[in-house]
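Listed below, chain by chain, are the residues.
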There are 2 protein chains.
Amino acid sequence: MERKITLTEKEMPKQWYNILADLSSPIDPPLHPVTLEPATPDLLSAIFPMALIEQEMSSQRWIDIPSEVMDKLSIWRPSPMYRAYGLEQALGTPAKIYYKWEGVSPAGSHKPNTAIAQAYYNKKEGINKLSTETGAGQWGSSLSLAGSMFGIEVLVYMVKCSYDMKPSRRLMMETWGGKCISSPSNTTDSGRNILKEDPNCPGSLGIAISEAVEVALKNKDTNYALGSVLNHVLLHQSVIGLECKEQFKKVGDYPDVVIGCVGGGSNFGGIATPFAYDKIHGSKNVRLVAVEPTACPTLTKGIYAYDYGDTAKMAPVVKMHTLGHDFVPASIHAGGLRYHGMAPIVSKLVQENLVEAVAYHQKPVFDAAILFAKTEGHIVAPETAHAVKGAIEEALKAKEEGKERTILFNCSGHGHFDMTSYQKYFENKLEDFEYPEDEIKKALLKLPKV
Amino acid sequence: MERKITLTEKEMPKQWYNILADLSSPIDPPLHPVTLEPATPDLLSAIFPMALIEQEMSSQRWIDIPSEVMDKLSIWRPSPMYRAYGLEQALGTPAKIYYKWEGVSPAGSHKPNTAIAQAYYNKKEGINKLSTETGAGQWGSSLSLAGSMFGIEVLVYMVKCSYDMKPSRRLMMETWGGKCISSPSNTTDSGRNILKEDPNCPGSLGIAISEAVEVALKNKDTNYALGSVLNHVLLHQSVIGLECKEQFKKVGDYPDVVIGCVGGGSNFGGIATPFAYDKIHGSKNVRLVAVEPTACPTLTKGIYAYDYGDTAKMAPVVKMHTLGHDFVPASIHAGGLRYHGMAPIVSKLVQENLVEAVAYHQKPVFDAAILFAKTEGHIVAPETAHAVKGAIEEALKAKEEGKERTILFNCSGHGHFDMTSYQKYFENKLEDFEYPEDEIKKALLKLPKV
């Protein structure tokens, strides 16, 4: 069998899959961060285009992908699904390991799948400016790429410490015409207020969100865009799993387990929800496994409750697994997995026992990434390495049990801009943090009283 | 028509094309650097495996690609050929622009095409250690990748200033198990001699070659590997052009002009020689255009003569276009194009008027790269940007003339590890060097007296 299972552009999914249509009960509605009343479309329309608000709340199972979006996605989609022969051999496992390789996008991860769609819908509703925040820089560069494709000006508030430490990610945004501002900045009230108190503040994702949302709220021509968590983001990412299902058909196989890393939940949701469809409709019995870092164990140790999406309490309040909106995770290197909350859809699937969660320390996670690089070639992002680790564990379990098993994981992005975390690994300078157990009690006290 | 013209693994070329079989006269033989007598296979076998020496001198037109090599190449091959709809639209040209995207390899360029083959043949002849040099780091990481695939220890001498400035490239090599040493080093006589004279020497490609060759000469278990210039390297790269021809068949098209950037000549040779075949055999009339930087204009201003392949006069003397073996090009950012010489095959094709050459300044070259990123998504390496510029010029000429034209260029690699050169461009700090005309007279005086 071939190493890469590929699809032609003609075989790309023409509709997104919306799992909201298949949940046993409706998802709890987002609440206004101040009134704690259900957020109305009107309220959201200050920062989002109507098409995305409709998708956010839609119960339509299949939603057409506009041809303009398909056209831009075809720059890197359909992405290849690999049979990991090299890794299988190294592990001596009877399991078949497959991985979906999202690192082929120009920004290097799955993020542009939704960035392209969001830019398109905004442009269609006359929006020529988008503001957003970025931590590690993956989302900021993806939205800058999408902006260049649709003639939208993109303003990215990048957490100051990342801005200073990862100049290449910032330069990538600028290459696509994005404007990247170190946050906190003096371009917004929220930024100025923080700088007044602490001129050397290193920034945080919470602060950057506040700045980006403020710009969108204050400027009629500017909308805000979010790269994870929300329902419409997971909807756009469903192309990943839909393609995998087509690719499995080509080789006459089907996974026993589907694995992805989780931060906000978008890449996991993207690969998992189309398989969850089969599970919900009873046609297949497939395990869905979300992998997170022990340093930020949202699904494995968090509580399922309404909480703020950001530290500054400006974003909608959603029902999700959370470690508390002011929890600051230890600075592990997988920046994309350092989020206190989780996509409401992924949280709900965990609550309904459709998704399992597991957490790993970062040293064994990097061990897995190195083995993967040496056997499969690709150097993955530290976030993605969690999924690799999850897949290896499943393959070793199969070996122990002497059972064949088909494993699929989402290889969500390359690590070209993360080589300094590999350096820390080589220099044995990685620290392994355990989530402090008493944190969750503190978090409970600060939840919004809904 | 689809944006990407793809091939399945089954459609991969099964043989390399050896243009040595089709030249009007044999290529002038390499000479021993000391005796200036034709180099015998015996002499070369101290550092190369016999299979590669045979390929270097073979006049067999088609050479089978071993299945073990095919298997590893299939990690990223066949690579996609794109129709550049976005770029065409931005230029408003009647020309059809296609590009072959070699940035999909794990190391990010075309270099692993030959690294995999070289590692395979060495391993087959019992070699478990390879030494090499690297400037910008592309070749060192490609050989490290190949080493990890075949269980070969790879020792890379990386020019000190690059070693210090590009830690990510070095870390990439280490991730694949390669050992990267800053050159000049105290691990070789040549390194120690240089450090004795100048402890702060920033290194050069010439010095790094000397160190790598010395290690291979002194250790029976170690061979040396070169990433460009040599005939067998261009042979292995022919898969690029062979795939393009298959891809053009799929869409019923054929190029009027094929473009690539040239440093040592391997990516250009790889895309151009299979088209040169059609030209030589009279079946097609296609222009082949090599693009180089004005700061290092080997083909456009160099002389065609026997010269040393390296500054230290340790490598074989070959007949090629040269700017003189001790010419130090201005530090433009396209490090891969800063070579004083040129592949003998490419030089010969220029001499026989089968290949044209053109040189551009680096500012317009970066303008081209930015336009490409904004319209096609991919951020290319500074070397590759020269080919983009060449293609844009051809497309604008077609527009002026109001003529349809089919253009193909080799998009040889991504720029993820070169974002600081983009930064210099944005900050308007790029300097444009013109080749100093009197240099060539100096070079003439230092040519070996053959």
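Residues numbered from 1 in each chain as written. Chains lettered and ligands numbered in written order. Predicted model: local features only at pLDDT ≥ 70, side-chain atom pairs only at ≥ 80, totals over all residues. Heavy atoms only, no water.

1. Description of the overall build of chain A
Counted only if it meets this: For helices the rule is a DSSP run of H or I covering at least 4 residues; for strands it is a run of E covering at least 2, with both sets numbered from the N terminus onward. The size measure is the radius of gyration over C-alpha atoms, and the globule rule it meets is 2.2 Å times the number of residues to the 0.38 power. Buried, partly exposed and exposed residues are distinguished by accessible area as a fraction of the type maximum, computed with a 1.4 Å probe on protein chains only: under 20%, between the cut-offs, and over 50%, respectively. In what follows, a contact means two residues having at least one pair of non-hydrogen atoms within 4.5 Å. Residue burial considers only the protein chains on display, and all accessible areas are found by Shrake-Rupley using a 1.4 Å probe. Note that His is not counted, nor are the chain ends; the positive residues are Lys and Arg, and the negative ones are Asp and Glu. Every charge is mapped onto a representative atom, which is NZ of Lys, CZ of Arg, CG of Asp or CD of Glu.
A tally of helices and strands in chain A yields 18 helices and 15 strands. For chain A, the C-alpha radius of gyration of 20 Å lies close to 22 Å, the compact-globule estimate for 450 residues. In terms of overall dimensions, chain A has C-alpha extents of about 60 × 50 × 45 Å along its principal axes. In chain A, buried positions account for 65% of the 450 residues. Taking all contacts inside chain A whose residues are at least 6 apart in sequence as the whole, residues at least 24 apart take part in 77%. Here chain A displays about 15,700 Å² of accessible surface, and carbon together with sulfur accounts for 52% of that area. Here chain A contributes 47 positive and 52 negative side-chain charges, whose respective centroids are spaced 2 Å apart.

2. Concerning the relation of the copies chain B and chain A
Here is the rule we go by: What sets the superposition is a least-squares fit of C-alpha atoms, and only residues with pLDDT of at least 70 in both copies go into it.
In the superposition of chain B on chain A (RMSD 0.0 Å, axial shift 0.0 Å), the rotation amounts to 180 degrees. Put plainly, the chains are arranged around a two-fold axis. Most of the interface of chain B is mirrored in chain A, where 100% of its interface residues again form contacts.

3. Focus on the interface of chain B and chain A
To keep things clear, this is the line we draw: Buried area, as used here, totals the accessible surface that two parts lose on assembly, with accessibility defined by a 1.4 Å probe and the loss added over both. Salt bridges are counted wherever a side-chain nitrogen of Lys or Arg sits within 4 Å of a carboxyl oxygen of Asp or Glu. Polar contact is defined as a pair of N or O atoms within 3.5 Å, subject to the rule that within protein one atom must be able to donate a hydrogen and the other to accept it, and that residues adjacent in sequence are counted only when both atoms are side-chain atoms. The classification used treats Ala, Val, Leu, Ile, Met, Phe, Trp, Tyr, Cys and Pro as nonpolar, Asp, Glu, Lys and Arg as charged, and all other residues, Gly among them, as polar.
Across the boundary between the two partners, chain B contributes 42 residues, which contact 42 residues of chain A. Regarding the contact of chain B and chain A, the summed buried area is about 3,600 Å², with carbon and sulfur atoms giving 55% of it. The largest contributions to the chain B side of the interface with chain A come from R3, T175 and H416 of chain B, which together make up 18% of the buried area. A salt bridge links K4 of chain A to E9 of chain B; its shortest N-O distance comes to 3.4 Å. Our count for the contact surface shared by chain B and chain A stands at 23 residue pairs in polar contact (both at pLDDT 80 or more). Secondary structure elements with two or more residues in the side of chain B that touches chain A: α3 (67-73), α6 (138-150), α8 (167-175), α15 (362-376) and α17 (419-426) of chain B. The biggest single contributor to the side of chain B that touches chain A is α8 of chain B, with 6 residues. Here the side of chain B that touches chain A is built from residues that sort into 17 nonpolar, 13 polar and 12 charged.

4. Some points on the packing of helix α2 (residues 50-57) of chain B against helix α5 (residues 112-124) of chain B
Residues and elements named next belong to chain B. Counted only if it meets this: To define axes, lines are fitted to C-alpha atoms, for helices over the stretch in contact only, and angles between the resulting N-to-C directions are given on a 0 to 180 degree scale. Our angle categories are set so that under 35 degrees counts as roughly parallel, over 145 as roughly antiparallel, 65 to 115 as roughly perpendicular, and the remainder as oblique.
Where α2 meets α5, the closest approach of the two axes is 8 Å, and the angle between their N-to-C directions is 130 degrees. One finds that α2 runs oblique with respect to α5. For the pair formed by α2 and α5, the contact residues are A51, L52 and Q55 on the first element and Q118, Y121 and N122 on the second.

5. Description of the side chain of S131 of chain A
Residues and elements named next belong to chain A. Mapped onto the secondary structure, S131 falls in strand β6 (residues 129-134). Separated by 2.7 Å, the side chain of S131 and the backbone oxygen of A212 make a polar contact. Not counting the four nearest positions on each side in its chain, S131 is found in contact with L155, A212, V215, A216, T222, N223, Y224 and A225.

6. Observations concerning the confidence of the model for chain A
Heads up, the condition is: Known as pLDDT, the predictor's confidence for each residue is given on a scale from 0 to 100.
Mean pLDDT for chain A: 94, with 100% of residues reaching 70 or above. Across the predicted assembly, pTM comes out at 0.96 and ipTM at 0.96.

7. Points about the state of the cysteines
Residue and element names in this part refer to chain A. Condition: Disulfides are defined as cysteine sulfur pairs within 2.5 Å.
One pass over the structure, following the stated rule, counts 0 disulfides over all chains. Free of any disulfide, C201 has its nearest neighbouring cysteine sulfur in C161, separated by 9.0 Å. Here C244 stays free of any disulfide, with the sulfur of C411 as its closest cysteine sulfur at 11 Å. Look at C244 and you get buried, because its relative accessible area is 0%.

8. Describing the pattern of salt bridges
Residue and element names in this part refer to chain A. Tallied over the full model, the rule gives 51 salt bridges over all chains. The shortest N-O distance in the salt bridge between K160 and D164 comes to 3.0 Å. One end of the pair, K160, and the other, D164, are both in helix α7 (residues 160-165), 4 residues apart, so they sit about a helical turn from each other. Relative accessible area serves as the criterion here: at 29%, K160 is assigned to the partly exposed category.

9. Observations concerning the pairing of strand β8 (residues 179-183) of chain B
On a regular strand, each side chain points to the face opposite its neighbour's, so the side chains alternate between the two faces of the sheet. Residue and element names in this part refer to chain B. Rules: Pairs of strands are assigned from DSSP output, requiring at least two bridges between the strands.
In terms of residue burial, β8 counts as a mostly covered element, since 4 of its 5 residues are buried. Pairing analysis gives 5 bridges linking strand β7 (residues 153-159) to β8, with the strands arranged parallel. Paired with M158 across the strands is S182, a residue of β8.

10. Describing the environment of L371 of chain B
Residues and elements named next belong to chain B. Topologically, L371 is positioned in helix α15. Under the relative-accessibility criterion, L371 is labelled partly exposed at 29%. Once the C-alpha coordinates of L371 and V328 are considered, the two residues, 43 residues apart in sequence, prove to be 30 Å apart.

11. What about the packing of helix α9 (residues 189-197) of chain B against helix α10 (residues 205-218) of chain B?
Residues and elements named next belong to chain B. Contact geometry for α9 and α10: axes closest at 8 Å, N-to-C directions at 140 degrees. Classed by the angle they form, the pair α9 and α10 counts as oblique. Contacts between α9 and α10 involve D189, S190, G191 and I194 from the first element and I207, S210, E211, E214 and K218 from the second. For the contact of α9 with α10, a count of residues per class yields 2 nonpolar, 3 polar and 4 charged.

12. Concerning the sheet that holds β7 of chain B
Residues and elements named next belong to chain B. Read from one edge to the other, the open sheet built from 4 strands follows the order β8-β7-β6-β9, with strand pairing classed as parallel. This sheet does not close on itself; its edge strands, each paired only once, are β8 and β9 (222-224). Strand-to-strand twist in this sheet, taken as the mean axis angle between neighbours without regard to direction, amounts to 25 degrees. As paired strands, strand β6 (residues 129-134) and β9 are joined by 3 bridges and run parallel to one another. Across the sheet, the residue bridging to L130 is N223, located in β9.

13. Focus: α5 of chain B
Residues and elements named next belong to chain B. To be explicit about the condition: Expected helix span is taken as 1.5 Å per residue step, with the number of steps being one fewer than the number of residues.
Over its 13 residues, α5 runs 18 Å from end to end, which matches the ideal 18 Å to within 8%, given 1.5 Å per residue. Burial within α5 is extensive, with 11 of its 13 residues counted as buried. When we look at burial in α5, the residues that qualify are P112, N113, T114, A115, I116, A117, Q118, A119, Y120, Y121 and N122. In the segment just after α5, G126 is the residue with positive phi, at about 85 degrees.

14. Describing the sheet that holds strand β5 (residues 96-101) of chain A
Residue and element names in this part refer to chain A. Taken together, 7 strands build an open sheet; the order of strands is β1-β4-β5-β15-β10-β11-β14 and the sheet is mixed. Strands at the two margins of the open sheet, each flanked by one partner only, are β1 (4-5) and β14 (356-360). Pairing of strand β4 (residues 81-83) with β5, which is carried by 3 bridges, proceeds in the antiparallel orientation. Looking across to β5, one finds that M81 is bridged to K100.

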